[in-house]
Amino acid sequence: MDFEPKLVGFLCKWCSSAGADLAGVSRKKYPPNLIPITVNCSGRLDVSYVVKAFNDGADGVLISGCHPGDCHYTSGNYKAWRRVALLKHVLEEFGLNPDRVRLEWISATEGEKFARTVEDFTAEIKQLGPGPFSNAKERK
Amino acid sequence: MASKPRIGVFICHCGENIAGTVDVSGLAEEIIEYDDVTFSTDYEYMCSDPGQNKIKEAVEEEDLTGVVVAACSPSMHEETFRNVVEDVGLNRYQCEIANIREQCSWVHGEDGGRPTEKALKIIKSTVEKVKRNLPMETVEREHSDKCLVIGGGVAGIQAALDVAEAGNEVILVEKEPTIGGHMAQLSETFPTLDCSQCILTPKMVELNQHPNIELMAYSEVRNVSGYVGNYEVQIERKPTYVDPDACNLCGDCEDVCPVEVRDEFNQGLTARKAINIPFSQAIPSSYTLDTDACLGLNPLRCSECADACDADAIDFDESSEFVEEEFGAIIVATGYDLYPKEKMGEYGYGEYEDVIDGLQFERLLSATGPTGGEVRRPSDGKVPENVVFVQCSGSRDPENHNSYCSKICCMYTAKHAKLYKENVPDGNAYVFYIDIRAGGKDYEEFIQEVREEDRVLYLKGKVSRLKEIDGKLRVWGLDEISGERVEIDADLVVLAQSIVPSEAAEETSRDLNLNLGPNGFYKEAHPKLRPVESLTGGVFFAGAGQGPKDIPDSVSQGSGAAAKAIELLAKPTISHDPQVVEIDEDLCSGCGLCVGQCPYDALEVNARGVAEVNEILCEGCGTCASGCPTNALSLKNLTDEQLTEMIKASLGD
């Protein structure tokens, strides 16, 4: 059986989750690997959640918010941006490929972008193989 | 939590929309095995009356403490289902939606049961959230009954009048010395050809005399703070140096003023004095001294106007007045400008005097314009025998200019051509167009009339360039229908310049935290279902600032924005979403990091050295909670514990 990555996506409610809804309304197909969790704002993302997700067996984590300048809460996405940049450095220090964490800006009108992002991220993580605490080998 | 949660899961088939891809009955059977789930069922349409009744019955009979509806996006029916659980005594926040349609069944094929697996994870994650949700009550608070309207064009005027008629006080702020906007500059209006000023000025007067409206012309919004229902706004009333009550409009000041500058009202076709009144029916009806043009007030370089004023209405010592007001609602009607013809390299960068824009042609046609309504070209005052009208100048041209359609130009160009032909029956009018867009009541009939009865030559094609040759403007274009190149030696060229948001849009969007779309127009809360609301609570849009619009559309949106403002102001109190941040004082170290992260100034470190949240100001983004080094802050019903368990459930075994 092929390796099917387990992905978690933190989507902000106003832009990215609405963009994911639009992908649905427009019937854009993408692989079912990513489980979406809608949060009020990408700024709600505590980077420790990303670490927790890897501990719980995630192979990749997507964080998606409104485009810079478009945050419903003015500036939460800028905070997410900085936090994720810092997190990537830390993850690298711990020997985890920072490409397993992806930050994207997806607006409510970008259904197509959402679908392609999930498709692309799924393919990329497939290439990278199971994450640090993945139980993928046992699942075989 | 005192007793063990009892969660009910209701899985919707949505006809075949969900059931076609996801094994809904299998989900219901599986989820009942999950921790704390005590009831599960599936049904064809949960949002239908029988579906809603199933939820009500189960809540009562199974004594549920929380409900998960696995169905379409929460943006569709979250309110519906929260009302349902509230009906049977649960707190509305004990109901959550698991989105298994837009974010699952609609985006996956059958794929060997994987969409069902994904749906199960989404539902489990939602169960983990809802079982930790606490009941919340909306926060009710008082609000101001006043409405601020920014912009005194026809959209703002309509909005202000409607709100005032409903009994609310209105302040209308207009940055120019008079209200009326671009509509006051127009000659006649399509498709009825009624005179623009004749239908507009009564409304301007009505606004000025309305007991519930205070007009603040020559004023600008300087600072906005607060939130829906309680916006605190600072308005600068700029000095006009003329007391409107004393001024008797004799015009002596204007006669003696030695300075001449470009006349904005006539689009630069004439000059005006430094002290001037934009047009005779201007409201407020008074002169304004333009200090940018005046020779100088400090030190005083010339006082001819004051010396000439018998009414003693001119006071050079006047200065800006700053007014602070509180408003419950704000209507933004900042309008449009024309895309500058100086940006049209292909049409001479605005350097040819006889290549004018649509608003300039309006002034030439207007009885109150510089030529008294006779069409005479700017360079030598000659009546033009050949006039070329160029549509889509700067519009529908993503490579060089704006990609969008400016919507009103097809109609006003037809009107221009018609009025020119009435003015100069022997003249020739040529209209270059890409397409004719006449979608409006009686619009297409108007275009047909102009094309057929008024002998205006419509040429389908773009003008590639124009150049002045031997005193004529040579226009090179293509007639796509005959497939032939066209060369016309014109006496006057009228460019239907693209509509762009007025300069004020950018500053207003910053003041009020409004989103702008890619072309700089205000972005509405929903492009179809909430077209007059912004995403900032209590702020509404009217007119062309939100997108190119003609007069009827601007007036409609003005009334629409007014209705939204009245709806808000009519409520005795405003309820505020209770999902805000709370602080565990035992954990707070008083470092104050959260204070700087809050975009709403809702946090402060209080006298006891711990963070304190203003629940009215907090919008519930949760950014501070994620940035708190001691985890002292948490967002209600989206806590660290909830998210941690949701992540675990999303990843499964």
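Per chain, the residues get numbers from 1 upward, laid out in the order the sequence is written. For naming, the first written chain is A and the first written ligand is 1, with later ones following in the order written. Local features in a predicted model are, by the rule used here, given only for residues with pLDDT of at least 70; side-chain atom pairs are given and counted only at 80 or more, and totals for whole chains, interfaces and linings are based on all residues.

Points about the overall build of chain A
Then step 1. Along its length, chain A carries 5 helices and 4 strands.
Then step 2. When the helices and strands of chain A are placed in sequence order, the string is β-α-β-α-β-α-β-α-α.
Then step 3. For 140 residues, the compact-globule formula gives about 14 Å, and the C-alpha radius of gyration of chain A, at 14 Å, lands near that figure.
Then step 4. Judged by the C-alpha coordinates and their principal axes, chain A covers about 40 × 35 × 20 Å. A run of H or I in DSSP counts as a helix once it spans at least four residues, and a run of E counts as a strand once it spans at least two, with each numbered from the N terminus. For this measure, only C-alpha atoms enter the radius of gyration; the expected value for a globule follows 2.2 Å times N^0.38, where N is the number of residues.

A few points about the overall build of chain B
Then step 1. Each helix and strand counted, chain B has 17 helices and 34 strands in total.
Then step 2. Evaluated residue by residue, chain B yields a buried proportion of 49% over its 653 residues.
Then step 3. Considering only contacts in chain B between residues 6 or more positions apart, those separated by 24 or more positions represent 69%. Residue burial here comes from a neighbour count, namely the number of other C-beta atoms, placed from the backbone, that lie within 10 Å of the residue's own C-beta, with 20 or more meaning buried, 12 or fewer meaning exposed, and in between meaning partly exposed. What counts as a contact here is a pair of residues whose C-beta atoms, placed from the backbone, lie within 7 Å.

Description of the sheet that holds strand E25 (residues 472-479) of chain B
All names here are of chain B.
Then step 1. Pairing within the open sheet is antiparallel, and its 3 strands lie in the order E24-E25-E26. With partners counted over all chains shown, the strands left at the sheet margins are strand E24 (463-469) and strand E26 (484-490), one partner each. On average, each strand axis in the sheet is inclined to that of its neighbour by 20 degrees, with strand direction left out of account. Strands qualify as paired when DSSP identifies two bridges or more between them. Geometry is summarised by axes, namely lines fitted to C-alpha atoms with helices restricted to the contacting stretch, and by angles between N-to-C directions that run from 0 to 180 degrees.

A look at the nonpolar core
All names here are of chain B.
Then step 1. As used here, a nonpolar core is made of buried Ala, Val, Leu, Ile, Met, Phe, Trp, Tyr and Cys residues. They are joined through C-beta atoms within 7 Å. Core analysis: the biggest nonpolar cluster contains 108 residues, and Val-9, Cys-12, Val-67, Val-68, Val-69, Ala-70 and Ile-123 have the highest contact counts within it.
Then step 2. Sort the elements by how many residues they give to this core and helix H5 (residues 114-130) lands first, with 6 residues.
Then step 3. Here this core gathers at least three residues from each of two domains, domain 1 (7-138) and domain 5 (580-635).
Then step 4. The contacts of Val-68, once residues within four sequence positions are left out, are Ile-7, Val-9, Glu-96, Ala-98, Ile-123, Thr-126, Val-127 and Val-130. Domain ranges listed in this record stem from an automatic or a database domain assignment.

Points about the sheet that holds strand E17 (residues 321-327) of chain B
Residue and element names in this part refer to chain B.
Then step 1. Judged by pairing direction, the sheet is antiparallel, and its 3 strands sit side by side in the order E11-E12-E17 without closing on themselves. Only two strands of the sheet have a single partner each, and these edge strands are strand E11 (219-227) and E17. Direction aside, the axes of adjacent strands within the sheet are offset by 20 degrees on average.
Then step 2. The sheet contact formed by E11 and strand E12 (residues 230-237) spans 8 bridges and is antiparallel.

A closer look at the packing of helix H6 (residues 154-165) of chain B against helix H14 (residues 551-570) of chain B
Residue and element names in this part refer to chain B.
Then step 1. Contact geometry of H6 with H14 gives a least axis separation of 8 Å together with a crossing angle of 35 degrees. The chirality of how H6 crosses H14 is right-handed. Where H6 abuts H14, its residues Val-154, Ala-155, Gly-156, Gln-158, Ala-159, Asp-162 and Val-163 lie against Ile-551, Ser-554, Val-555, Gln-557, Gly-558, Ser-559, Ala-561, Ala-562, Ala-565 and Ile-566.
Then step 2. We call Asp, Glu, Lys and Arg charged. Ala, Val, Leu, Ile, Met, Phe, Trp, Tyr, Cys and Pro are nonpolar, and the rest, Gly among them, are polar. Split into classes, the residues belonging to the contact of H6 with H14 amount to 10 nonpolar, 6 polar and 1 charged. Here is the rule for handedness: rotate from the far helix to the near one, and if that takes an anticlockwise turn smaller than a right angle the crossing is left-handed, while a clockwise turn gives right-handed.

Examining the pairing of strand E27 (residues 492-497) of chain B
Residue and element names in this part refer to chain B.
Then step 1. Counting buried positions along E27 yields 6 of 6 residues, so the element is predominantly enclosed.
Then step 2. Alternating residues of E27 divide into Leu-492, Val-494 and Ala-496 and Val-493, Leu-495 and Gln-497, and every residue in both groups is buried.
Then step 3. Pairing analysis gives 3 bridges linking strand E20 (residues 355-357) to E27, with the strands arranged parallel. For Asp-357, the partnering residue across the bridge sits in E27 and is Leu-495.
Then step 4. In this structure, strand E21 (residues 386-393) lies alongside E27, joined through 5 bridges in parallel fashion. Bridge pairing in E27 links Phe-389 to Val-494.

Notes on unusual backbone geometry
Residues and elements named next belong to chain B.
Then step 1. The linkage connecting Phe-190 with the following residue, Pro-191, adopts the cis geometry, with an omega of -10 degrees.
Then step 2. Structurally, Pro-191 is set in the loop between strand E8 (188-189) and strand E9 (194-195).
Then step 3. The omega torsion of the bond from Ile-283 to Pro-284 falls at 0 degrees, within 30 degrees of zero and hence cis.
Then step 4. Locating Pro-284 in the fold gives a position in the loop between strand E15 (275-276) and strand E16 (288-289).
Then step 5. Located in the positive-phi region is Tyr-218, a residue other than glycine, with phi close to 50 degrees.
Then step 6. Along the polypeptide, Tyr-218 turns up in the loop between strand E10 (213-216) and E11.

Focus on the interface of chain B and chain A
Then step 1. On the side of chain A, 37 residues touch chain B, which itself brings 39 residues to the contact.
Then step 2. Elements with a minimum of two residues in the side of chain B that touches chain A: H5, helix H16 (623-627) and helix H17 (640-651) of chain B.
Then step 3. In terms of residue count, the dominant contributor to the side of chain B that touches chain A is H17 of chain B (8 residues).
Then step 4. Grouping the amino acids of the side of chain B that touches chain A by side-chain chemistry returns 14 nonpolar, 16 polar and 9 charged.

Quick look at the confidence of the model for chain A
Then step 1. Of the residues in chain A, 96% reach a pLDDT of 70 or more, and the chain-wide mean stands at 92.
Then step 2. Scored from 0 to 100, pLDDT records how confident the predictor is in each individual residue. Here helix H5 (residues 136-139) of chain A stands out as the least confident element of chain A, with mean pLDDT 52; strand E2 (residues 34-39) of chain A is the most confident, with 98.

Focus: helix H4 (residues 111-128) of chain A
Spacing of three or four residues puts side chains on the same side of an α-helix, whose turn is 3.6 residues.
All names here are of chain A.
Then step 1. Any helix carries an expected span of 1.5 Å times its number of residues minus one. When the terminal C-alpha atoms of H4 are compared, their 26 Å separation across 18 residues agrees well with the 26 Å that a helix rising 1.5 Å per residue should span.
Then step 2. Of the positions making up H4, those classed as buried are Gly-111, Phe-114, Ala-115, Thr-117, Val-118, Phe-121, Thr-122 and Ile-125. Take H4 and look down its axis: the buried residues cluster within an arc of 160 degrees, on one side only. By construction, the arc corresponds to the directions joining the helix axis to the C-beta atoms.

Considering the packing of helix H2 (residues 47-55) of chain A against H17 of chain B
For any two helices packed against each other, one specifies the crossing angle of their axes together with the interaxial distance.
Then step 1. Running from N to C, H2 of chain A and H17 of chain B cross one another at 35 degrees; their axes reach a closest spacing of 10 Å. Seen from above, H2 of chain A lies across H17 of chain B with right-handed handedness. Residue-level contacts link Tyr-49, Lys-52 and Ala-53 of chain A of H2 of chain A to Leu-643, Thr-644, Ile-647 and Leu-651 of chain B of H17 of chain B.

Some thoughts on the confidence of the model for chain B
In regions of low pLDDT, the predicted coordinates are not meant to be interpreted in detail.
Then step 1. Taken as a whole, chain B shows an average pLDDT of 95; of its residues, 100% reach a score of 70 or greater.
Then step 2. In the predicted complex, the global pTM is 0.80; the interface-specific ipTM is 0.96.

Side note on the environment of Val-463 of chain B
All names here are of chain B.
Then step 1. Tracing the sequence through the fold places Val-463 in strand E24.
Then step 2. Since 24 C-beta atoms lie within 10 Å of it, Val-463 is described here as buried.
Then step 3. Between the C-alpha atom of Val-463 and that of Val-388, which follows or precedes it by 75 residues, the distance is 9.8 Å.

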